[in-house]
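Here are the chains, one letter per residue:
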Amino acid sequence: MKKFINLLLCIAIGAGLAALFCNVYNSETIRLYLTERAEASLPSEFGDEKPFSDYYYNKLNDKQKKAYICIFNDVKNHPEKIQIPSISFDDMKKVFQYLKYDNPDIICLSDKCYLITESVRTYFSADYLLDKDNCEKYTADMISASKQLADEAKKKTDSVYDRELYIHDYIVNCCTYGSCNLDSTAYGCLINSQAVCTGYAYSAMLALNFAGIETVVIPGKATSDKKTELHLWNMVKLDGEEYFLDVTWDDPDFDKSVSPSHLYFNVTESYISKTHSDFDALSVHCTGTKYNYFVYNSLLFDKYDYTVTDKIINRCISEVKAGNYSSEFMFTNDCFNDAVTTLFGTGSDDDDADIRKIIYYVSASCENKITSNKISYTIDDSTNSIRIIFE
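Residues numbered from 1 in each chain as written. Predicted model: local features only at pLDDT ≥ 70, side-chain atom pairs only at ≥ 80, totals over all residues. Heavy atoms only, no water.

A few words on the overall build of the protein chain. Scanning the protein chain from N- to C-terminus turns up twelve helices and 14 strands. Counting contacts in the protein chain only where the partners sit at least 6 residues apart, residues at least 24 apart contribute 59% of the total. When the accessible surface of the protein chain is summed, it comes to about 20,200 Å², and 49% of that surface belongs to carbon and sulfur atoms. (Helix = DSSP H or I, 4+ residues; strand = E, 2+ residues; numbered from the N terminus. Contact = heavy atoms within 4.5 Å. Areas by Shrake-Rupley, 256 points an atom, 1.4 Å probe, with all protein chains shown as cover.)

Let's shift gears to the packing of aromatic side chains. Aromatic ring pairs: the centre-centre distance and the angle between the two ring planes describe each pair. For the structure on display, the rule yields 29 aromatic pairs. Between Trp249 and Tyr264 the ring centres are 5.3 Å apart and the planes differ by 85°, which places this aromatic pair in the edge-to-face class. Placement of Trp249 in the loop between β8 (241–245) and β9 (265–267) and of Tyr264 in the loop between β8 and β9 is noted, with a sequence separation of 15 residues between them. With relative accessibility at 26%, the residue Trp249 sits in the partly exposed group. For Tyr264, a relative accessible area of 6% puts it in the buried group. Ring centres 6.2 Å apart and planes at 45° place the aromatic pair Tyr304 and Phe331 in the tilted group. Of this pair, Tyr304 sits in the loop between β11 (300–301) and α10 (306–321) while Phe331 is found in strand β12 (residues 326–331), placing the two residues 27 residues apart along the sequence. (Phe/Tyr/Trp six-rings, centres within 6.5 Å; stacked < 30°, edge-to-face > 60°. Buried < 20%, exposed > 50% of the residue type's maximum accessible area, 1.4 Å probe, protein only.)

A word on the sheet that holds strand β13 (residues 375–380). Read across the sheet, four strands follow the order β11-β12-β14-β13 without closing on themselves; strand pairing throughout is mixed. Sheet topology places β11 and β13 at the edges, where each strand pairs with a single neighbour. Against the sheet, α10 makes contact with β11, β12 and β14 (385–390), and its axis sits at roughly 150° relative to β12, the strand it touches most. Along the sheet, helix α12 (residues 354–365) makes contact with β13 and β14, crossing β14 at roughly 40°. (Pairing = 2+ DSSP bridges. Axes fitted to C-alpha atoms, helices over the stretch in contact; angles between N-to-C directions.)

On to the confidence of the model for the protein chain. Residues with a pLDDT of 70 or more make up 87% of the protein chain, whose mean pLDDT is 88. The model gives residues 1–5 a pLDDT under 50, and that stretch makes zero contacts with residues more than four places away or in other chains. For the stretch residues 7–13, pLDDT sits under 50, and the model shows zero contacts to residues farther than four places along the chain or on other chains. (pLDDT = per-residue confidence, 0-100.)

Formed by 114 residues in total, the largest nonpolar core has its most connected members in Ile218, Phe244, Ile312, Phe331 and Ile358. In terms of residue count, the dominant contributor to this core is helix α7 (residues 197–210) (nine residues). What Phe331 contacts, discounting residues up to four positions off in sequence, is Leu300, Phe301, Tyr304, Val308, Ile312, Phe336, Ala339, Asn384 and Ile386. (Core = buried A, V, L, I, M, F, W, Y, C linked by side-chain atoms within 4.5 Å.)

This brings us to the pattern of salt bridges. Inspection of the entire model under this criterion finds 16 salt bridges. One salt bridge connects Asp141 with Lys137, and the closest N-O pair in it is separated by 3.1 Å. Residue Asp141 and its partner Lys137 are both found in helix α4 (residues 132–156); the two are separated by four residues, about one turn of the helix. On the basis of relative accessible area, Asp141 is assigned to the partly exposed category, the value being 31%. In this structure, Arg387 and Glu328 form a salt bridge, with 3.0 Å as the shortest nitrogen-oxygen distance. Taken together, the residues Arg387 in strand β14 and Glu328 in strand β12 connect sequence positions 59 residues apart. In this structure, a network of salt bridges that share partners links the residues Glu49, Lys76 and Asp105. (Salt bridge = Lys/Arg side-chain N within 4 Å of Asp/Glu carboxyl O.)

Turning our attention to the layout of surface pockets. In this structure, the largest pocket spans a volume of roughly 880 Å³. Taken together, 28 residues form the lining of the largest pocket, with Ser224, Thr248, Trp249, Asp251 and Tyr264 sitting closest to its centre. For the lining of the largest pocket, the elements supplying multiple residues, two or more each, are α7, β6 (214–224), β7 (227–238), β13 and β14. Split by residue class, the lining of the largest pocket holds eleven nonpolar, nine polar and eight charged. The space that makes up the second largest pocket amounts to roughly 570 Å³. (1 Å grid on protein atoms, 1.4 Å probe; cavity = no way out; pocket = protein on both sides within 12 Å on 5 of 7 lines; lining within 4 Å. Points joined across faces, edges and corners; volume = space filled by probe spheres on them. Nonpolar A, V, L, I, M, F, W, Y, C, P; charged D, E, K, R; others polar.)

Turning next to the pairing of β12. Regular strands place their side chains on alternate faces of the sheet. Within β12, six of the six residues are buried, which leaves the element mostly enclosed by the surrounding structure. Residues Ser326, Glu328 and Met330 point to one face of β12 and Ser327, Phe329 and Phe331 to the other, with burial holding for every one of them. Note that β11 and β12 share two bridges and pair parallel. The residue of β12 that forms the bridge with Leu300 is Met330. The β-α-β motif built from β11, the intervening α10 and the parallel element β12 has right-handed crossover chirality. Across five bridges, the pairing between β12 and β14 is antiparallel. For Glu328, the partnering residue across the bridge sits in β14 and is Arg387. (Right-handed = clockwise from strand over helix to strand, strands pointing away.)

Moving on to unusual backbone geometry. With a phi angle near 50°, Asp239 is a residue other than glycine that sits in the positive phi range. Note on placement: Asp239 falls in the loop between β7 and β8. Of note, Asn384 is a non-glycine position whose phi angle comes to about 55°, a positive value. As for its placement among the helices and strands, Asn384 is situated in the loop between β13 and β14. Judged by relative accessible area, Asn384 falls into the buried class, the value being 10%.

Right, let's talk about the packing of α4 against α7 for a bit. Packing of α4 against α7 leaves a shortest axis separation of 8 Å and a crossing angle of 50°. Taken together, the axes of α4 and α7 are oblique relative to one another. The element α4 and its partner α7 pack so that their crossing is right-handed. Contacts between α4 and α7 involve Met142, Ile143, Ser146, Lys147, Leu149, Ala150 and Lys154 from the former and Leu206, Ala207 and Phe210 from the latter. Taken together, the residues that form the contact of α4 with α7 break down as seven nonpolar, one polar and two charged. (Parallel < 35°, antiparallel > 145°, perpendicular 65-115°, else oblique. Left-handed = near helix turned anticlockwise from the far one by under 90°.)

Shown next, in the form of structure tokens:
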């Protein structure tokens, strides 16, 4: 009798567990069904407006791409929330960041975003830096300034290198590194003339693309004076080859009277990796050298002799006559120390240093446009470069 009761009890427990499993299964099935129904009406294609770039969009999986599309299609209307497919918060942060990287013309979003779950629906939400009317006005002004800069570059030359150089130098000359309203946007850089690295990079991306040069932003980290920080720079494509471009690091912010630097103008991955890091996850490998500033202008030397001294003199003369009171030169590892010693002496005895000859010929050829006793120079061991600054 006891065995029969135990058997009945086991059957009852088994039936209860089966029913519970069935209910859980049905509940999950129902939830998935309702979620699919709720997301069925979400857009799977961009509307009339397309992203400024699809470089980062193409690095997303299908579900992330759909979330990107949902946000992009509606975010300029400044809604409180935007329905997106059911994704994790980490996935949404990635989508949000990639959307910003692709679209420097979206300036109203802060760096914060939120994931909201209501029943079977998932929503994206973000903080806006401007109201809708001001955002539209500021964006229009920024795009106008970007296009004007690109048009000026195109009018001056058909050369993509010279267009890029013109835009690079304009941004460096017009902008000062620092915090202000919208300093992380091209508006801060081109309109307010003050920005942080993101503002520099987005300005370059907008203007260069309008000038016909394919350009994207590259996120990572940069190390200076033993301090490592998050950083944003650019990658450009010229004649099918890719180069890194860091406009921020080419800004001699210590003195705006000094011409822009070009140490980070179209450099390779191996070069920039000495100071920049954490961008390898993007599978970015820039190997182009043809349009590097120093290669293109024959300012990279693999030996130091009297012929190099003559080239330095001629370059300094042409720069001063053009109104640029500084000149940069780069050397290979094998001859850098020799170049420094020959140019500037040993410190204790510089009577025979080549810099004296350079000053003499530049002063004589430029009709005393420089003050011969007021020159300075910088020596950068990390890039094997020398910069001579005249006054």
